[in-house]
Amino acid sequence: TAPPPADFVPFRAWPLGEKIAYTPDVVFRAAPTIGLFWLLRSLFRAYGQGQVFTARNAGLIKLMGVCLIVDAAAPFLCHLALSATGYEIDRMWAHMAAVQELVLGAVVFVIALVMQAGHEIEQDREGFV
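One structure accompanies this document, and this report is about it. Everything numeric here is computed off the predicted structure, so don't read it as measured data.

Conventions adopted
- Residues numbered from 1 in each chain as written.
- Predicted model: local features only at pLDDT ≥ 70, side-chain atom pairs only at ≥ 80, totals over all residues.
- Heavy atoms only, no water.
- Phe/Tyr/Trp six-rings, centres within 6.5 Å; stacked < 30°, edge-to-face > 60°.
- Lys NZ or Arg CZ within 6 Å of the ring centre and 35° of its normal.
- Core = buried A, V, L, I, M, F, W, Y, C linked by side-chain atoms within 4.5 Å.
- Buried < 20%, exposed > 50% of the residue type's maximum accessible area, 1.4 Å probe, protein only.
- Helix = DSSP H or I, 4+ residues; strand = E, 2+ residues; numbered from the N terminus.
- Contact = heavy atoms within 4.5 Å.
- Disulfide = S-S within 2.5 Å.
- Axes fitted to C-alpha atoms, helices over the stretch in contact; angles between N-to-C directions.
- Parallel < 35°, antiparallel > 145°, perpendicular 65-115°, else oblique.
- Left-handed = near helix turned anticlockwise from the far one by under 90°.
- Nonpolar A, V, L, I, M, F, W, Y, C, P; charged D, E, K, R; others polar.

Taken as a whole, this structure holds 3 aromatic pairs when the rule is applied. An angle of 55 degrees between the planes, with centres 5.1 Å apart, marks the rings of Phe11 and Trp14 as tilted. Ring pairing ties together the aromatic residues Phe11, Trp14 and Tyr22, which thus form one cluster. In this structure, Lys19 is placed above the aromatic ring of Phe11, and the distance from its NZ or CZ to the ring centre is 5.6 Å. We note Arg41 situated over the ring of Trp38; from NZ or CZ to the ring centre the distance is 4.9 Å.

Before going further, it helps to spend a moment on the nonpolar core. Residues Leu36, Leu39, Leu43, Ala58, Leu60, Ile61, Met64, Cys67, Leu68, Val108, Ala112 and Met115 constitute the largest nonpolar core, which totals 12 residues. Within the residue set of this core, elements represented by two or more residues are helix 1 (16-48), helix 2 (55-85) and helix 3 (96-127). Of all the elements, helix 2 adds the most residues to this core, at 6 residues. In this view, Val108 contacts Ile61, Met64, Gly65 and Leu68; residues no more than four positions away in its chain are not counted.

Here we take up the state of the cysteines. Enumeration over the complete set of coordinates arrives at 0 disulfides. Cys67 carries a free sulfur, and the closest cysteine sulfur to it, the one in Cys78, is 15 Å from it. The exposure class of Cys67 is buried, given its relative accessible area of 15%. Residue class for Cys78 comes out buried when judged on its relative accessible area of 6%.

Structurally, the position occupied by Gly105 is in helix 3. Gly105 sits 98 residues away from Asp7 along the chain, and the two C-alpha atoms are 34 Å apart. Once residues lying within four places of it in the same chain are set aside, the contact partners of Gly105 are Gly65, Leu68 and Ile69.

Contact geometry of helix 2 with helix 3 gives a least axis separation of 8 Å together with a crossing angle of 165 degrees. By the criterion of interaxial angle, the relationship of helix 2 to helix 3 is roughly antiparallel. Relative to helix 3, the crossing made by helix 2 is left-handed. Across the contact of helix 2 with helix 3, the residue classes tally to 17 nonpolar, 5 polar and 3 charged.

Right, let's talk about the packing of helix 1 against helix 2 for a bit. With their axes 9 Å apart at the nearest point, helix 1 and helix 2 run at an angle of 170 degrees to one another. One way to sum up the angle between helix 1 and helix 2 is to call them roughly antiparallel. Residues of the contact of helix 1 with helix 2, tallied by class, amount to 22 nonpolar, 5 polar and 4 charged.

Structural data, given as structure tokens:
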């Protein structure tokens, strides 16, 4: 394996204060990804049961968009919190990938809204004889 960078400090060598400051950071940054995969699991389970264009699935997709948006904003929010504690060590938190993820989250959210509107139109059409 390649040697770590010269400025690399393993987590076990961090002072206790830094470990405590970064624990909520790690949890907060992992939560949207875990939520996204949980929602995907629920969506594909519904697809497996033959439920495709339902209001529930549109809601799941909408929540996926929210998870992507939160995941894109998480580095900035964590940077603010860690800067306030004085334990910020990663000053290179802004990446273009976060902007792309933010746009993707917004697109997914809008797709869910269109899907939900289509479902409502379909329900209204079925109500007429």
